[in-house]
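# Descriptive structure summary
If you want the building blocks of each chain, they are given just below.
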Amino acid sequence: MEDLNGDVTDNLEYASSVTALVDFYGPVEFYTMDDEYVALGIEGTTYSSDSSFESAFVGQAIGADEEVTYTTWWYTYVDQLPEGFTLSAWVQAGDSDTSVPYTQSQNFAAKLAEVIGEDNVTFGLIEGAEHEDDLFYTDDNLSQVFAFLAEALN
């Protein structure tokens, strides 16, 4: 979507289509982040406040206007995917993440599977891993990620 390029003017001669993605612990659906932590038994998060990273990204408090906040969610644009769209996705999160609820990644993987098929989505929850934890960057985990990318990009 041209609108999503924003003010990017570099490299416009190259397609912005995506064949594969790797997502470690990414915030995806901003509007639900506080509620997801509450569901996990964690109270007092402030994602919907004016001062959160996510609110700064949106340009206003993410809880202020659901419609505006959802302009940043990929699924808002799913009906605009091109005919025959394919994608391979690797999504991981840590179950001890206190910066982004791991359910963001879990829900992202599930929604992706609805769109691109379960066979095209690999989801993993790393036990004990926090946000940006070294457990994501072990030789073993990165070897699996690189093998996934090699297969997806061939």
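Structure: see above.
Residues numbered from 1 in each chain as written. Predicted model: local features only at pLDDT ≥ 70, side-chain atom pairs only at ≥ 80, totals over all residues. Heavy atoms only, no water.

### Structural notes on the overall build of the protein
To be explicit about the condition: Runs of E in the DSSP output that reach at least two residues are strands. Runs of H or I that reach at least four are helices, and both are numbered from the N terminus. This radius of gyration counts C-alpha atoms alone. The globule rule is 2.2 Å times how many residues there are, raised to the power 0.38. Contacts are residue-level and defined by heavy atoms, with any inter-residue pair within 4.5 Å sufficient.
The number of helices and strands found in the protein is 5 helices and 3 strands. Each helix and strand of the protein, ordered N terminal to C terminal, gives the series β-α-α-α-β-α-β-α. Against the globule reference of 15 Å for 154 residues, the protein gives a C-alpha radius of gyration of 16 Å, in line with a compact fold. Expressed along its principal axes, the backbone C-alpha trace of the protein runs to roughly 45 × 40 × 30 Å. Residue pairs at least 24 apart in sequence account for 71% of intrachain contacts in the protein once pairs closer than 6 positions are excluded.

### Section: the pattern of salt bridges
Keep this limit in mind: Here, a salt bridge means any side-chain nitrogen of Lys or Arg that lies within 4 Å of a carboxyl oxygen of Asp or Glu. The buried label applies to any residue whose accessible area, calculated with a 1.4 Å probe on protein chains only, is under 20% of its type's maximum; exposed applies above 50%, and partly exposed to all values in between.
Throughout the structure, instances matching the rule amount to 1 salt bridge. Among the salt bridges present, the one from Glu114 reaches Lys111, with a minimum N-O distance of 3.7 Å. With Glu114 and Lys111 both in helix α4 (residues 102-116) and 3 residues apart, this pair spans about one turn of that helix. Classification of Glu114 as exposed rests on a relative accessible area of 55%.

### Regarding the nonpolar core
We apply this condition: The definition of a nonpolar core used throughout is a set of buried Ala, Val, Leu, Ile, Met, Phe, Trp, Tyr and Cys residues joined through side-chain atoms within 4.5 Å.
One finds Ala89, Val91, Phe108, Leu112, Ile116 and Val121 to be the most contacted residues of the largest nonpolar core, which totals 13 residues. Those elements that place two or more of their residues in this core are β2 (88-94) and α4. Broken down by element, the residue count for this core peaks at 5 residues, all from α4. Ranked by size, the runner-up nonpolar core spans 10 residues in total, among them Phe24, Tyr25, Trp90 and Phe148.

### Observations concerning the sheet that holds β2
As a reminder of what qualifies: Two strands are counted as paired when DSSP detects at least two bridges linking them. A fitted line through C-alpha atoms represents every axis, and for helices the fit uses only the stretch in contact; the resulting angles, taken between N-to-C directions, go from 0 to 180 degrees.
One open sheet accounts for 3 strands, arranged β1-β2-β3; its pairing is parallel. Two strands in the sheet have a free side with no partner beyond their single neighbour: β1 (20-24) and β3 (121-126). The average angle at which neighbouring strand axes cross in this sheet is 5 degrees, direction not considered. Across 5 bridges, β1 lies against β2 in parallel orientation. The partner of Val22 across the bridge, within β2, is Trp90. Of the strands in this sheet, β1, β2 and β3 touch α4, which is tilted by about 160 degrees from β2.

### Points about unusual backbone geometry
Positioned with a positive phi, Asn11 is a non-glycine residue whose angle comes to about 60 degrees. One non-glycine residue, Glu132, lies in positive phi territory at about 60 degrees. Here Glu132 is to be found in the loop between β3 and α5 (139-152).

### A few points about the packing of aromatic side chains
Stated formally: For this analysis, a ring pair means two rings from Phe, Tyr or Trp (six-membered ring only for Trp) whose centres lie within 6.5 Å, classed as stacked if their planes differ by under 30 degrees, edge-to-face if by over 60, and tilted for the remaining angles. Each ring is checked for a lysine NZ or an arginine CZ that lies within 6 Å of its centre and within 35 degrees of its normal; such an atom marks a charge sitting over the ring.
As enumerated under the stated definition, the model contains 13 aromatic pairs in all. Ring centres 5.7 Å apart and planes at 45 degrees place the aromatic pair Trp90 and Phe148 in the tilted group. With Trp90 in strand β2 and Phe148 in helix α5, this pair connects stretches of sequence that are 58 residues apart. One aromatic cluster is present, built from ring pairs that chain together Tyr31, Tyr70, Trp73, Trp74, Tyr75 and Phe108. Against the face of Tyr75 rests Lys111, its NZ or CZ located 4.3 Å from the ring centre.

### Describing the pairing of β3
Note: β2 against β3, 6 bridges, orientation parallel. Within β3, the residue paired with Gln92 across the bridge is Gly124.

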